[in-house]
Amino acid sequence: TQSSTLATENQTLTVEKLKMLSNNCSSTSTISGKIRNAVSGAVVEDVVVSIRRGVNKKSGNVVKSDNTSNAGAYSISSVAKGWYTAQTEKGGYYDSTFKVVSCDNVTNQDYSISTTLASPDMMRIILSWPTGSTAADLDSHMSIPDNSSNPFQLYYGLVGNGVKGEDFYSYGTDDNATLDLDDSNAPGTETITITNVKSGNYSYSVHDYTNGYNKDNASSTKLANSGASVTVYYKSSTPTIYNPPNSAGTHWTVFTFTTGGLLVEVGSMKHTKNPGDVY
């Protein structure tokens, strides 16, 4: 089962694709992985990881739980086969949920969690894709307004201070839009933090670098089937979560944003070869 909540009346909601499990799964298995900081990539200890049966199941009976070790690791054994929702809880971090599976002891079911934002004018965007994903290397791309409200593309190709995962656009001292984390293998996380959301137009996209870069691959469905999700924190501890549409393409335009209109889901898919051409 999969649960989801409509934010507004008559909303069209795109939920994530679910893979049916093999009948050959053992009756019980161990679910394990690591919990990391979405900005630094460091492991986070003493996180309570609880599981509920079903996908996007954020309330109701907790089946089992575990606390992460000093290596950020959790392990929950003897779990009946099926899909589960894992919930994380730790002081100073947002509570979050992610999908896990019990089937033949799948390991590396990792997830990255965000510290609570210091200001309501900040925004954090977290792209995640799981172990076994059909897309190995997904990239975050964001069009942001510069000081003249002209668009500027923030992505890994922008060299901020020469360190991978620390590409940024600076408006002024301590006022940046920063690509904090840049992964190139599943399970992966890419995180963008905007220190001070400006007036002007923002747009956020995901590019399937593995299947898109310099390839004529317009019919690829690997991004659609990747299990990726985009989580956005802005002015609330309850995030907005987006899942890719069920259509072919290597370039998923996820949402647009303005301070007046807030987040607007786009949910379109097309093919783009060159990462620099996403925006």
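Residues numbered from 1 in each chain as written. Predicted model: local features only at pLDDT ≥ 70, side-chain atom pairs only at ≥ 80, totals over all residues. Heavy atoms only, no water.

Draft legend 1. View of the environment of Thr30. Here Thr30 is to be found in strand β1 (residues 28–37). On the basis of relative accessible area, Thr30 is assigned to the partly exposed category, the value being 22%. Along the primary structure Thr30 and Ser77 are separated by 47 residues, whereas in three dimensions their C-alpha atoms are 4.1 Å apart. For Thr30, the residues in contact, after removing those within four places along its chain, are Ser75, Ile76, Ser77, Ser78, Asn105 and Val106. (Helix = DSSP H or I, 4+ residues; strand = E, 2+ residues; numbered from the N terminus. Buried < 20%, exposed > 50% of the residue type's maximum accessible area, 1.4 Å probe, protein only. Contact = heavy atoms within 4.5 Å.)

Draft legend 2. Molecular detail of the packing of aromatic side chains. Inspection of every chain in the model, using the stated rule, returns 11 aromatic pairs. Note on Tyr156 and Tyr209: the rings are 6.1 Å apart at their centroids and 90° apart in plane angle, and the pair reads as edge-to-face. One end of the pair, Tyr156, is in the loop between β10 (151–154) and β11 (167–172); the other, Tyr209, is in helix α1 (residues 209–212), with 53 residues separating them in the sequence. For Tyr209, a relative accessible area of 26% puts it in the partly exposed group. Each ring, one from Tyr204 and one from Phe255, has its centre 5.5 Å from the other, and the planes form 15°; the classification is stacked. You can see Tyr204 sitting in strand β14 (residues 202–208) and its partner Phe255 sitting in strand β17 (residues 251–258), a full 51 residues away along the chain. Both residues of the pair, Tyr204 and Phe255, count as buried. In this structure an aromatic cluster arises from ring pairing among Tyr155, Tyr156, Tyr209 and Tyr213. Here Lys99 stacks its cationic end above the ring of Trp83, 4.9 Å away from the centre of that ring. Here the guanidinium or amino end of Lys198 rests over the ring plane of Tyr171, the centre of that ring lying 4.6 Å away. (Phe/Tyr/Trp six-rings, centres within 6.5 Å; stacked < 30°, edge-to-face > 60°. Lys NZ or Arg CZ within 6 Å of the ring centre and 35° of its normal.)

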